[in-house]
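What follows is the residue order along each chain.
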Amino acid sequence: MKKAFALAILMSTATLGGAYARDMGSTVRSATDFSIVYTDPEIDNSAKRLDIPDSIVHPTPAMIRHAQAELSRDSALRAGLLQKNVELNNVVAIDTAADGSRIVYVR
């Protein structure tokens, strides 16, 4: 009896877990779902008002190379940025928000 009950619990948990994973997959955002944050510290102190970390306001060359490499791999993001008239060579960092959308930091 205990084995049958344990098996029933295990099967229902597996079924619920699969349904949960299927629902989680629907929350993944498309590559074109992004926001643009301008990090130019010279323009009206906007970087400080938005609480942008100093490491993004003053990115390292490695951080910029990583962002540029990500842009070269993601054609949908690249096309979306070009559609919004963003000069791709000014992208200094790309981050993923909690909801799965992207945050593109532009100098």
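Here the structure is shown first, and the text comes after it.
Counting restarts for each chain: residues are numbered from 1 in the order of the written sequence. A pLDDT threshold of at least 70 governs which residues receive local features in this predicted model, and a stricter bar of 80 or more applies before side-chain atom pairs are shown or counted, although totals over entire chains, interfaces and linings include all residues. Only hydrogens and water are set aside; all other atoms, that is, all heavy atoms of the structure, feed into the side-chain values.

*Asks:* Any chance you could explain helix α5 (residues 75–83) here in plain terms?
*Replies:* It helps to recall that an α-helix has 3.6 residues per turn; residues three or four apart then point in one direction. Inspection of α5 places Leu 77, Gly 80 and Leu 81 among the buried residues, and these make up the whole buried set. The arc that holds the buried residues of α5, viewed along the axis, is 95°, so those residues lie on one side. We call two residues in contact whenever any of their non-hydrogen atoms come within 4.5 Å of each other. Note on conventions: DSSP H or I runs of at least 4 residues are helices, E runs of at least 2 residues are strands, and numbering of each starts at the N terminus. Tucked inside the fold, the buried residues of α5 contact β1 (34–38), α4 (61–73), β2 (91–96) and β3 (102–106). Here a polar contact is recorded for every N or O atom pair within 3.5 Å, except that within protein the pair must consist of a potential hydrogen donor and a potential acceptor, and residues adjacent in sequence are included only if both atoms are side-chain atoms. One side-chain oxygen at the N-terminal end of α5 lies 3.3 Å from the backbone nitrogen of Ala 76; it belongs to Asp 74. Downstream of α5 by a residue or two, Asn 85 has a phi angle that is positive, lying close to 60°. Note on classification: 1.4 Å probe, protein chains only; a residue is buried when its accessible area is under 20% of the maximum for its type, exposed when over 50%, partly exposed between these limits. Throughout, the arc means the angular range of directions from the helix axis out to the C-beta atoms.

*Asks:* Please clarify how the pairing of β2 should be interpreted in this entry.
*Replies:* Within a regular beta strand, the side chains point alternately toward one face of the sheet and then the other, so they alternate between its two faces. As defined by bridge partners, β2 adjoins β3 across five bridges and the pair is classed as antiparallel. Paired with Asp 95 across the bridge in β3 is Ile 103. Any two strands are treated as partners once DSSP identifies two or more bridges connecting them. Count of turn residues in the β2/β3 antiparallel hairpin: five residues, of which Gly 100 carries a positive phi of about 95°.

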